[in-house]
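This is what each chain is made of:
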Amino acid sequence: YELCDVYLELSKPLFGSDPKQAAAQQAVLHTCLDRAMRLLHPLMPFVTEELWQRLARSEGDPDSIVIAKYPEVEAGLVDEAAEKEIKAMLEAVGVVRSMRDSYGIKPSQRPAVYIRCRTADMLAVMQGQADNIQTLCKAGEVKVLGADGE
């Protein structure tokens, strides 16, 4: 879900704008797909082998997923603070999507979204994630307000 619904949707605007940014996004996507295939291989060997064979190869990659190294956790890639921010952003997106559905707002409509935050920390997080919220909610604009409404 998070790879397709979140990462790809957030990457789309970047693919057409900056070639360096697009290349970085593609590299991350390739790494995610490669690791996902390796993780799923013991459960779905034939499907994952077929899909893995279609991924772009780097020099030194094994010829088959059967002999590819099983992924291990890379502690340097774990970012607890970023995970908390993304979780908070996804909660806000979930609420907005639910409200769109409840009010029968069509996907083609781009309503303004107002988010009121109770704490200064959450205000900073939501202000930093406003563009992502706008993209994932298909909103016209996103206004992030503090507890006092400002």
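See the structure printed just above.
Being a predicted model, the structure only gives us computed values, none of them experimental.

Cut-off values and rules
Residues numbered from 1 in each chain as written. Predicted model: local features only at pLDDT ≥ 70, side-chain atom pairs only at ≥ 80, totals over all residues. Heavy atoms only, no water. Helix = DSSP H or I, 4+ residues; strand = E, 2+ residues; numbered from the N terminus. Rg over C-alpha atoms; globule rule 2.2 N^0.38 Å. Buried < 20%, exposed > 50% of the residue type's maximum accessible area, 1.4 Å probe, protein only. Contact = heavy atoms within 4.5 Å. Areas by Shrake-Rupley, 256 points an atom, 1.4 Å probe, with all protein chains shown as cover.

Caption draft 1: Spatial organisation of the overall build of the chain. Across its full length, the chain holds 5 helices and 2 strands. Overall, the chain shows an N-to-C arrangement of helices and strands of α-α-α-α-β-α-β. Against the compact-globule benchmark of 15 Å for 150 residues, the chain has a radius of gyration of 19 Å, which places it well outside the compact range. In terms of overall dimensions, the chain has a C-alpha envelope of 60 × 35 × 35 Å along the principal axes. By the burial criterion, 27% of the 150 residues in the chain qualify as buried. For the chain, restricting intrachain contacts to residue pairs at least 6 apart in sequence, the fraction spanning at least 24 positions comes to 58%. Of the accessible surface of the chain, which amounts to about 10600 Å², a share of 56% is contributed by carbon and sulfur atoms.

Any functional reading would require information beyond the geometric quantities listed.
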